[in-house]
Amino acid sequence: MKQDSDLRNNLKSIRTRLGMSQQDLANIASVTRQTISGVESGLYAPSVAITLRLAKALGCQVEDLFWLERDLPEIEAVLAKPVPNGQQLRVSMARVGGQWIAYPLIGKDAFRQDMIPADGESTSLTGTNKVRVRLLDDNLDTLHNTVVIAGCAPVISLWARATERWHPQLRVQYNFANSMAALHSLCRGEAHIAGMHLYDPETGEYNTPFARDVLAGREAVLITLGVWQEGLLLKSGNPMGIRTVTDLVAGGATIVNREIGSGSRMLLEQTLQKEQIPFDAVKGFDNILKSHQDVAQAIVGGIADAGMSTASVATAFGLGFIPLHQSRYDLVILKEYLEEAPVQQLLSTLGHRMVHSQFEILGGYDISKIGEVVATV
């Protein structure tokens, strides 16, 4: 039978993964090698009997081998960031505030350490910031049970993975963003939760003044994730003898900085201003990197002598560390999202020992008040 143009199969990939040749599979399934070749190449649609024999021979379900392309749903989604016109995209998907959000998996957003699996592929633009997405499977339950967090704290991924172990049906999508970018992402309806660590020296408050300003009247709660030590990351052994930001200038040290809107950059600027050191007096002040890990790797690789980050990152990379400040890392959540089941499941694990142990062994965090509501706006 000639292959249906909408019929797709992954017979070859499953066969080769099991170390079978076409002839091996043909022998087990009691068909000819030419039948196997025809099915794999898309030239032949097998009968029900052959389909069942193939699935049994490979130890899988028929649905694992064959599917109809037209059966995969398409939905309209709002793009979380602009993309080049006409570019076909891999995207991850989540339901936020009653609408579908598509997160383009391009550049660094396509990776953590390994490549992030896609939920779908864009097929066409339907407006300035909207796109049609063809899902890669029909498991809409997973997309509905996805919580999106925007933030920059490496511990968010630890929390997410521990939560997914406790709630296997829940998926936590962690989108990297500095504190201000995370807040704006929350405000635009691209995330359920924004993580931030910004200090306002005028009021002596953490995060609340910034959240109140950006959210502009929208009701939200701030729940603390922990207090972390921030300061200068240095080469192992501190060969330049750096103890303060003043030493950076005196010793001619080269730093790497973070982008505007990040808590680390704000702390560096506040510390320099307190010491009455002009920004341009610091060598490398305009060398911008966009994550705590990138700052650490630049120092490990000899690109810079110092940079601003956290004690836990210093430990993870085997670097020296000079503490300058303790910052409270808060989760900002719009009140309208608090009653959603996936968000409740995620927040419920903040009191779980499995989460606490991950933070404690990492070091550099005080989690004595983890899960407490510290402010409302």
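Here, every reference points to the structure presented above.
Just so you know, the residues in each chain are numbered from 1, in the order the chain's sequence is written. At least 70 in pLDDT is required for a residue's local features to be given in this predicted model, at least 80 for side-chain atom pairs to be given and counted, and no such filter applies to totals for whole chains, interfaces and linings, which use all residues. In computing side-chain values, all of the structure's heavy atoms are included and hydrogens and water are not.

1. A few points about the overall build of the chain
Counting from the N terminus, the helices are the DSSP runs of H or I reaching at least four residues and the strands are the DSSP runs of E reaching at least two. Per the secondary structure count, the chain includes 15 helices and 19 strands. Counting only C-alpha atoms and orienting by the principal axes, one finds that the chain spans roughly 80 × 50 × 45 Å. Counting every position in the chain, which comprises 377 residues, the buried fraction comes to 50%. A sequence separation of at least 24 residues applies to 71% of the contacts in the chain between residues at least 6 apart. Carbon and sulfur atoms make up 51% of the accessible area of the chain, which amounts to about 18,000 Å² in all. A residue counts as positive if it is Lys or Arg and as negative if it is Asp or Glu; His and the chain ends are not included. For this purpose, a charge sits on NZ of Lys, CZ of Arg, CG of Asp or CD of Glu. Positive and negative charge centroids in the chain, built from 34 and 40 side chains respectively, lie 6 Å apart. A 1.4 Å probe rolled over the protein chains alone gives each residue an accessible area, and that area as a share of the maximum for its type sets the label: buried under 20%, exposed over 50%, partly exposed in between. A contact between two residues is defined here by any heavy atoms of the two lying within 4.5 Å. Accessible surface area values rest on a Shrake-Rupley calculation with a 1.4 Å probe, where residue burial reflects the displayed protein chains alone.

2. Regarding the pattern of salt bridges
Salt bridges are defined by distance alone: a side-chain nitrogen of Lys or Arg within 4 Å of a carboxyl oxygen of Asp or Glu. One pass over the full model with this rule turns up 12 salt bridges. A salt bridge links Glu164 to Arg161, with the shortest nitrogen-to-oxygen separation between them at 2.8 Å. Here Glu164 pairs with Arg161, and both are found in helix α7 (residues 155-166), just 3 residues apart, close to one helical turn. Using a relative accessible area of 40% as the deciding quantity, one classes Arg161 as partly exposed.

3. Concerning the packing of helix α2 (residues 22-29) against helix α3 (residues 33-41)
The geometry of a pair of packed helices is captured by two quantities: the angle between their axes and the separation between those axes. For helices, the axis comes from a line fit to the C-alpha atoms of the stretch in contact; other axes are also lines fit to C-alpha atoms, and the angle between any two N-to-C directions lies between 0 and 180 degrees. Between α2 and α3, the least distance of the axes is 8 Å, while the angle of their chain directions is 115 degrees. Taken together, the axes of α2 and α3 lie roughly perpendicular to each other. Regarding α2 and α3, the two cross each other, and that crossing is right-handed. Contacts from Gln22, Gln23, Leu25 and Ala26 in α2 reach Arg33, Ile36, Ser37 and Glu40 in α3. Its residues assigned to classes, the contact of α2 with α3 comprises 3 nonpolar, 3 polar and 2 charged. By definition in this entry, angles of less than 35 degrees are roughly parallel, angles greater than 145 are roughly antiparallel, angles of 65 to 115 are roughly perpendicular, and the rest are oblique. Crossing handedness is defined as follows: a turn of the near helix away from the far one that is anticlockwise and smaller than a right angle gives a left-handed crossing, while the clockwise case is right-handed. Charged residues are taken to be Asp, Glu, Lys and Arg, nonpolar residues to be Ala, Val, Leu, Ile, Met, Phe, Trp, Tyr, Cys and Pro, and polar residues to be all remaining types, Gly included.

4. Topic: the side chain of Ser264
With respect to the secondary-structure elements, Ser264 resides in helix α11 (residues 263-274). In contact with Ser264, not counting residues within four places along its chain, are His197, Glu230, Arg258, His292, Met308 and Ser309.

5. Looking at the nonpolar core
Among buried residues, those of type Ala, Val, Leu, Ile, Met, Phe, Trp, Tyr and Cys that are joined through side-chain atoms within 4.5 Å constitute a nonpolar core. The biggest cluster of nonpolar side chains holds 57 residues, and the ones touching the most others in it are Trp159, Leu225 and Val332. Discounting residues that sit within four places of it in the chain, Leu225 has contacts with Val155, Ile156, Trp159, Tyr329, Asp330, Leu331, Leu350, Phe359, Ile367 and Ile370. Counting residues in each nonpolar core, the second largest holds 19 residues, with Leu11, Val31, Ala57 and Leu58 among its members.

6. Comments concerning α2
All of the buried residues along α2 are Gln22, Leu25, Ala26 and Ala29. The buried residues of α2 all sit within an arc of 100 degrees when viewed along its axis, so they share a single face. Among the exposed residues of α2, those pointing more than 90 degrees away from its buried face are Asn27 and Ile28. Looking at the buried positions of α2, the neighbouring elements they touch are α1 (11-17), α3 and α4 (48-58). Within this analysis, the arc is defined by the directions that extend from the helix axis to the C-beta atoms.

7. Re the packing of α2 against α4
The contact between α2 and α4 brings their axes to 9 Å, and the two run at 115 degrees. If you check the angle between α2 and α4, you find them roughly perpendicular. Between α2 and α4 lies a crossing of right-handed hand. Together, Leu25, Ile28 and Ala29 of α2 and Arg53, Leu54, Ala57 and Leu58 of α4 make up the contact between the two elements.

8. Brief notes about the packing of aromatic side chains
Any Phe, Tyr or Trp ring, taking Trp's six-membered ring, that has another such ring centre within 6.5 Å forms a pair; planes under 30 degrees apart are called stacked, those over 60 apart edge-to-face, and the others tilted. Considering all chains together, one arrives at 5 aromatic pairs under this definition. Arranged with centres 5.2 Å apart and planes meeting at 50 degrees, the rings of Tyr199 and Tyr206 form a pair that is tilted. Take Tyr199: its relative accessible area is 22%, and that puts it in the partly exposed class. With 5.9 Å between their ring centres and 45 degrees between their planes, Phe359 and Tyr365 make a pair best called tilted. Phe359 gets classed as buried once you look at its relative accessible area, which sits at 0%. Tyr365 sits in the buried class, given a relative accessible area of 14%. Ring-pair connections join several aromatic residues into one group, and the members of that group are Trp228, Tyr329, Phe359 and Tyr365.

9. Some details on the state of the cysteines
Chemically, a disulfide is nothing more than a covalent bond linking the sulfur atoms of two cysteines. The definition used for a disulfide is geometric: two cysteine sulfur atoms within 2.5 Å. Going through the model one piece at a time under the given rule, you end up with 0 disulfides. Free of any disulfide, Cys187 has its nearest cysteine sulfur in Cys152, 18 Å distant. Judged by its relative accessible area of 26%, Cys187 is partly exposed.

10. So, the sheet that holds strand β5 (residues 99-104)
In space, the 5 strands of this closed barrel follow the order β3-β5-β4-β6-β7, with mixed pairing throughout. Sheet twist, expressed as the mean angle between neighbouring strand axes with direction ignored, is 55 degrees. We call two strands paired when DSSP finds no fewer than two bridges between them.

11. Some words on the environment of Ser92
Among the structural elements, Ser92 can be located in strand β4 (residues 90-96). Residue class for Ser92 comes out buried when judged on its relative accessible area of 5%. Residues Ser92 and Ala153 lie 61 residues apart in sequence; the distance between their C-alpha atoms is 21 Å. For Ser92, the contacting residues outside a window of four places in its chain are Ile101, Ala102, Tyr103, Leu105, Asp119 and Gln173. A distance of 3.2 Å separates polar atoms of two side chains, one belonging to Ser92 and the other to Gln173. In protein, a polar contact requires one atom able to donate a hydrogen and another able to accept it; more generally it is a pair of N or O atoms within 3.5 Å, and residues adjacent in sequence count only if both atoms are side-chain atoms.

12. Here we look at the pairing of strand β14 (residues 255-258)
The alternating pattern of β14 places Ile255 and Asn257 and Val256 and Arg258 on opposite faces, both of which are buried. Pairing analysis gives 2 bridges linking β14 to strand β16 (residues 306-310), with the strands arranged parallel. Among the inter-strand pairings, Val256 is bridged to a residue of β16, identified as Gly307. The pairing of β14 with strand β15 (residues 288-289) spans 2 bridges and is parallel. Counted as the bridge partner of Arg258 is Leu289 from β15. Place the viewer so that the strands point away; then a crossover is right-handed whenever the path from the first strand over the helix to the second strand goes clockwise. Regarding topology, α11 serves as the crossover connection from β14 to the parallel β15, and that connection is right-handed.

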